[in-house]
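If you want the building blocks of each chain, they are given just below.
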Amino acid sequence: MTSLRHDQQGVTLIESLIAILIFSMGILALVGMYSSAVSRTTDSQYRIEAANHANRIVGQIWANVDRSTAASLTASLNAFQHNPGGANCAYNGAASAVPEVTAWSNAITAAGTGLPGASAATNQIIVDTANFNRVTVTICWRAPGDTYAHRHVVVANIN
């Protein structure tokens with residue numbers, strides 16, 4: 001009987017260490033899941049903000065174009081064109097002089113309230129009057145720690 005007790009000495013310590021190891025692995029898994037959830041929530045928030053900015057400018061274009069004649073509609077739509085050149089979130093070309101577009105671009109790039117990593121060259125409005133007055137709004141941003149730029153595109157026909 002004494003040899004049986006002697007053979008089991010230390011088993012409780014090993015069982016306790018294994019239980020602590022399993023518990024620690026579970027806690028680390030929960031921390032990893034929490035980190036991933038926070039990252040995805042932040043990314044979702046930036047996508048919502050980009051969609052709101054894009055929809056806002058499309059609404060302002062729709063409300064402010066001159067529809068009195070076909071020529072005035074084309075001219076007023078073309079005035080909204082912003083950074084029509086370039087590609088892959090590095091746009092260039094003439095910036096629109098329309099105050100609504102300037103305010104829109106400034107809101108996207110504003111420190112603290114705009115999208116992270118957004119600049120004057122990361123948002124674009126292309127107007128294609130030959131294709132049913134198609135307006136394409138593109139907004140790019142790069143969140144801290146991201147290795148690539150995110151892009152949100154809205155296409156609308158303004159008539």
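Because the structure is a prediction, the values reported are computed rather than measured. (Residues numbered from 1 in each chain as written. Predicted model: local features only at pLDDT ≥ 70, side-chain atom pairs only at ≥ 80, totals over all residues. Heavy atoms only, no water.)

A pair can form between side chains of opposite charge whenever their charged atoms are brought close. Across all of its chains, the model carries two salt bridges by this definition. Ionic pairing is found between R134 and D128, a salt bridge with its closest N-O pair at 3.8 Å. You can call D128 partly exposed: its relative accessible area is 26%. (Salt bridge = Lys/Arg side-chain N within 4 Å of Asp/Glu carboxyl O. Buried < 20%, exposed > 50% of the residue type's maximum accessible area, 1.4 Å probe, protein only.)

Pairing within the open sheet is antiparallel, and its three strands lie in the order β3-β4-β5. For this open sheet the edge positions go to β3 (123–128) and β5 (150–157), each flanked by a neighbour on one side alone. Averaged over all pairs of adjacent strands, the angle between strand axes in this sheet comes to 15°, irrespective of strand direction. Running over the sheet, helix α4 (residues 99–109) touches β3 and β4 (134–141) and is turned about 145° from β3. (Pairing = 2+ DSSP bridges. Helix = DSSP H or I, 4+ residues; strand = E, 2+ residues; numbered from the N terminus. Axes fitted to C-alpha atoms, helices over the stretch in contact; angles between N-to-C directions. Contact = heavy atoms within 4.5 Å.)

Turning to helix α3 (residues 70–79), its buried residues are S72, L73, S76 and L77. Seen from one end, α3 has its buried residues packed into an arc of 130°, which puts them on one side. Set apart from the buried face of α3 by more than 90 degrees, the exposed residues are A70, A71 and A75. In this structure, the buried side of α3 is in contact with α2 (11–64), β3 and β4. (Arc of directions from axis to C-beta.)

In this section: the side chain of T138. Within the secondary structure layout, T138 lies in strand β4. You can call T138 buried: its relative accessible area is 5%. If we ignore the near neighbours within four places in the chain, the residues touching T138 are Y91, T122, N123, Q124, R151, H152 and V153.

Judged by nonpolar contacts, the single largest core of 26 residues is most densely connected at I61, I125 and V137. Only α2, α3, α4, β3, β4 and β5 provide two or more residues apiece to this core. Examining the composition of this core, we find that six residues originate from one element, α2, more than from any other. Excluding residues within four positions of it along the chain, I61 makes contact with L77, F80, I125, V135 and I158. (Core = buried A, V, L, I, M, F, W, Y, C linked by side-chain atoms within 4.5 Å.)

Turning our eyes to something else, we now look at the packing of α2 against α4. Viewed as axis vectors pointing N to C, α2 and α4 meet at an angle of 175°, and their least axial separation amounts to 10 Å. Judged by the inter-axis angle, α2 sits roughly antiparallel to α4. Contacts from H53, A54, R56, I57, Q60 and N64 of α2 reach α4 at E100, V101, A103, W104, A107 and I108. Here the residues of the contact of α2 with α4 are counted per class, giving seven nonpolar, three polar and two charged. (Parallel < 35°, antiparallel > 145°, perpendicular 65-115°, else oblique. Nonpolar A, V, L, I, M, F, W, Y, C, P; charged D, E, K, R; others polar.)

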